[in-house]
Amino acid sequence: MLAIAGGVGAAPLLPLARSDVVMTFLIGARTEQELLFVDQLDECTDLQIATDDGSMGILGFVPALIDEINLGSYDHIAVCGPEVMMRAVLAKVTEIGIETRTEFSLHRYMKCGVGVCGSCCIDPAGLRVCRDGPVFSGELLHKSEFGHYHRDASGRKISI
Ligand code: FES
């Protein structure tokens with residue numbers, strides 16, 4: 001399995017890494033100080049790092065690390081982080097036709113948390129992050145507004 005995390009997205013993927021199912025872990029953050037669980041992840045995975053300012057690992061964003069590995073060799077890919085980053089990952093896996101092997105853990109603004117208000121919806125399918133997720137396959141998210149829009153407290157679409 002390949003795990004890809006940006007910022008605090010490393011936290012929900014840490015238990016996977018500790019369970020010995022993750023071979024390679026790609027992690028990124030703005031700076032070295034904002035990287036989470038580096039020592040723990042380095043102990044149990046092949047850890048590769050990117051930082052926006054180059055203070056640790058390569059200079060750049062997490063998706064740039066993907067270009068350094070054979071993405072198609074992984075049977076399963078778990079992704080968690082900022083939606084823009086995840087959208088870039090989805091574009092790369094879709095390009096080589098392996099989006100069915102991917103799972104993305106989403107966070108969206110939530111009002112009700114029980115599937116009624118629509119504030120966490122991803123159109124056009126109307127997927128509710130609170131009720132139907134928060135983990136979705138790349139196959140479901142492909143061709144959706146994922147990575148392009150989210151909703152504010154009033155339900156208005158905001159460009160990401
Ligand atoms: S938070 Fe209301 S539908 Fe998800």
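See above for the structure.
Residues numbered from 1 in each chain as written. Predicted model: local features only at pLDDT ≥ 70, side-chain atom pairs only at ≥ 80, totals over all residues. Heavy atoms only, no water.

## With respect to the overall build of the protein
Here comes step 1: Looking only at helices and strands, the protein has six helices and eleven strands in total.
Here comes step 2: Based on the C-alpha atoms only, the size of the protein along its principal axes is roughly 45 × 35 × 25 Å.
Here comes step 3: Taking all 160 residues of the protein together, the buried fraction comes to 46%.
Here comes step 4: On the protein, roughly 7,900 Å² of surface is accessible, and the fraction owed to carbon and sulfur atoms is 52%.
Here comes step 5: In the protein, which carries 13 positive and 21 negative side-chain charges, the distance between the mean positions of the two groups comes to 13 Å. (Helix = DSSP H or I, 4+ residues; strand = E, 2+ residues; numbered from the N terminus. Buried < 20%, exposed > 50% of the residue type's maximum accessible area, 1.4 Å probe, protein only. Areas by Shrake-Rupley, 256 points an atom, 1.4 Å probe, with all protein chains shown as cover. Lys, Arg positive; Asp, Glu negative; His and termini not counted. Charge placed at Lys NZ, Arg CZ, Asp CG, Glu CD.)

## Description of the layout of surface pockets
Here comes step 1: Space inside the largest pocket adds up to approximately 280 Å³.
Here comes step 2: Lining of the largest pocket is provided by 18 residues; of these, Gly6, Gly7, Phe61, Pro82 and Met85 occupy positions nearest its centre.
Here comes step 3: Looking at the lining of the largest pocket, the elements that each hand over two or more residues are β2 (24–29), α3 (62–66) and α4 (83–95).
Here comes step 4: When residues of the lining of the largest pocket are assigned to their parent elements, the largest contribution, three residues, is made by α4.
Here comes step 5: For the lining of the largest pocket, the residue count by class is nine nonpolar, six polar and three charged. (1 Å grid on protein atoms, 1.4 Å probe; cavity = no way out; pocket = protein on both sides within 12 Å on 5 of 7 lines; lining within 4 Å. Points joined across faces, edges and corners; volume = space filled by probe spheres on them. Nonpolar A, V, L, I, M, F, W, Y, C, P; charged D, E, K, R; others polar.)

## Here we look at the pairing of strand β5 (residues 77–80)
Remark: a regular strand shows side chains that alternate across the two faces of the sheet.
Here comes step 1: Along β5, one buried face is formed by Ile77 and Val79 and the opposite face, lined by Ala78 and Cys80, is buried too.
Here comes step 2: Two strands pair when backbone bridges link them, and strand β1 (residues 2–6) and β5 are joined in this way by four bridges, in the parallel orientation. Within β5, the residue paired with Leu2 across the bridge is Ile77.
Here comes step 3: Each parallel crossover has a hand, and the one from β5 via α4 to strand β6 (residues 102–105) is right-handed. (Pairing = 2+ DSSP bridges. Right-handed = clockwise from strand over helix to strand, strands pointing away.)

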